[in-house]
Amino acid sequence: MRQASITFDRAFAIGDTDPRLFGAFVEHLGRCVYGGIYEPGHPTADKRGFRKDVLDLVTELGPTIMRYPGGNFVSGYNWEDGVGPVKDRPARLDLAWFTTEPNSFGTNEFIDWCRAAKIEPMLAVNLGTRDGDAARNLVEYCNHPGGTAWSDLRIKHGWKKPHDVKFWCLGNEVDGPWQMEHKTATEYGRVAHEAAKMMRWIDPSIELAACGSSGRNMPTYGRWEDEVLEHTFDQVEFISLHTYFNNYASDTKAFLASPDLMDNFIEEVVAISDAVAARRRSDKRIMLSFDEWNVWYRTRRVRADRVKEGWPVAPPILEEVYSMEDALVFGGACISLLNHADRVKAACLAQLVNVIAPIMTETGGPAWRQTIFWPFAQMSRLGRGTVLKAIVKSESYQASYFDPRGKQDLFYPIDAPYLKASVVSDDKGVSLFLLNRDLEQPVTVTLDARGFGKLKVTEATELRHSDLQAVNSKAEPLKVKPATLKGFATKADTISLELQPASWNVIRLEG
Ligand code: AHR
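Here is a short report on the structure shown in this document. (Residues numbered from 1 in each chain as written. Predicted model: local features only at pLDDT ≥ 70, side-chain atom pairs only at ≥ 80, totals over all residues. Heavy atoms only, no water.)

## Observations concerning the overall build of the protein
- The number of helices and strands found in the protein is ten helices and 26 strands.
- Scaling as 2.2 N^0.38, a compact globule of 511 residues should have a C-alpha radius of gyration of about 24 Å, and the protein matches this with 23 Å.
- The principal-axis extents of the C-alpha atoms in the protein amount to approximately 70 × 60 × 45 Å.
- A total of 511 residues make up the protein; the buried ones form 61% of that total.
- Residue pairs in contact within the protein that sit at least 24 positions apart in sequence constitute 77% of those at least 6 positions apart. (Helix = DSSP H or I, 4+ residues; strand = E, 2+ residues; numbered from the N terminus. Rg over C-alpha atoms; globule rule 2.2 N^0.38 Å. Buried < 20%, exposed > 50% of the residue type's maximum accessible area, 1.4 Å probe, protein only. Contact = heavy atoms within 4.5 Å.)

## Concerning the packing of helix 3 (residues 132-143) against helix 4 (residues 149-156)
- Here helix 3 crosses helix 4 at 50°, and the two axes come no closer than 7 Å. It follows from the interaxial angle that helix 3 and helix 4 lie oblique. Between helix 3 and helix 4 the crossing geometry is right-handed. Contact residues: helix 3 offers Asn137, Glu140, Tyr141, Cys142 and Asn143, while helix 4 offers Ala149, Trp150, Ser151, Leu153 and Arg154.
- Its residues assigned to classes, the contact of helix 3 with helix 4 shows five nonpolar, three polar and two charged. (Axes fitted to C-alpha atoms, helices over the stretch in contact; angles between N-to-C directions. Parallel < 35°, antiparallel > 145°, perpendicular 65-115°, else oblique. Left-handed = near helix turned anticlockwise from the far one by under 90°. Nonpolar A, V, L, I, M, F, W, Y, C, P; charged D, E, K, R; others polar.)

## Looking at the site of the ligand
- By nearness alone, every residue bordering the ligand is listed as Phe25, Glu27, Gly71, Asn72, Trp97, Asn172, Glu173, Tyr244, Glu292, Trp296, Gln351 and Ile356.
- Contacts to the ligand include Tyr244, whose side-chain N or O atom sits 2.8 Å from an oxygen atom.
- Contact with the protein chains covers 97% of the free accessible surface of the ligand, which is 280 Å².
- Split by residue class, the shell around the ligand holds five nonpolar, four polar and three charged. (Near = heavy atom within 4 Å. Polar contact = N/O pair within 3.5 Å; in protein donor to acceptor, adjacent residues only side chain to side chain. Areas by Shrake-Rupley, 256 points an atom, 1.4 Å probe, with all protein chains shown as cover.)

## Overview of the sheet that holds strand 26 (residues 503-510)
- Across the sheet, seven strands lie side by side as 2-15-19-20-26-22-23; this open sheet has antiparallel pairing. What marks the edges here is a single partner per strand, and that holds for strand 2 (13-16) and strand 23 (483-484). (Pairing = 2+ DSSP bridges.)

## Re the packing of aromatic side chains
- Applying the stated criterion across every chain, the model contains 21 aromatic pairs.
- Ring geometry for Tyr397 against Tyr418: centres 4.9 Å apart, planes inclined by 35°, an arrangement best described as tilted. Residue Tyr397 is found in strand 17 (residues 396-402), and its partner Tyr418 is found in the loop between strand 18 (411-417) and strand 19 (419-425); the two are separated by 21 residues along the sequence. In this pair, the class of Tyr397 matches that of Tyr418, namely buried.
- Joined through ring pairs, the aromatic side chains of Tyr34, Tyr38, Tyr68, Phe105 and Phe110 make up one cluster.
- Against the face of Tyr418 rests Arg2, its NZ or CZ located 3.9 Å from the ring centre. (Phe/Tyr/Trp six-rings, centres within 6.5 Å; stacked < 30°, edge-to-face > 60°. Lys NZ or Arg CZ within 6 Å of the ring centre and 35° of its normal.)

See the structure below:
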């Protein structure tokens, strides 16, 4: 049995979690929209075609903000195709996923869906094949009250009140050659600056995120952020980050260590952003929007995922089935995000339904929770508050994580503590998010909670399974689910917890 300890003090805070840290993402990709959130004719669908069974699971999952409509898709999207009478909307070839986009769902339907789900919308504009003009028109269409061509068109389409969308992404992964109209940092920085300027002239209350690198392993990483912010610093509040974890190497220990690279990624982008600020003698701090993150690899490398034959509508692509092992890595990423609550003020689990998603559906059939559903739902429910500086004492192990990019085989050495932890306090007490990455041994964790008075455990769950490859499915929808953690003890002022090997644990302590 390993030993570990966590010391924290109510007065020593990292920062408050912004509600937008618990966001997710809906792209026009595969069955995320069509057959996911929207399926007219489904037994649970309302008159707008919104699946009620999916809405119920989304409510349980607890995302606070939803990014839309892409993703790679947005870099070729004409937003005008998706508004107005559905019968008049054009079908288009989507060159992001080699499918046909029918456009029967668009911006207004998305806003209605967000209202139904009680989630804030986050819209991305096309800075691939289009530029600032299309972006500013979309802001005018969505947010201007009326009396102009674009805002009156929204009213004519049936949405009298402005959508009042606050959070806007300036394009998507423009650094990636796979993107429609991939750009250099200079090209993108200029267009993003000009688009941002006009969007904000229309609605000064909006917040804007510039595209950072689409991965820490991109060859342009670092220089990209520096140059993009050099152009956009005065116009944006956020820079974005994207990460997808993989276990291509079938090395579970390295896979479980990989969220620690997310910590590095965040801290490096903070440093670059602050260096840009320093060059300007500016005290403005650019915040981070981690607006795509998840485990994704099984359905990633196969180029067949970009279905080229027949240009199908909403084919089942990128339908990653998540294992217990994936849920542990996912939990580790939740901890990394929480522990940077001072600078990561928005984040989006990519994606929401069917496409690399916590929720799966059968077209015409049921919906169920994937393994990664649980850590996200727990983080969203119990992660609201002030993240505390947790001093974690734990033995560590050496791992080498394989994260390929193109033809390059990249390995990253990681010194990973077996115990990864985050502590979030609120008015009533404290929530602990704990990952035991040891595959063989339990760990006894002793807590030294300072400044709270006497605390007792009010809720304790563990997520684990004897088979790390166990998955949830339509046939066995709850094969992997949290169970009550029994291994805890309170003696005098100390609480100790016994965490099982390869387990994700959430503990609630109250006075
Ligand atoms: O989320 C799937 C895809 O991953 C998105 O479309 C893109 O932005 C990223 O490469």
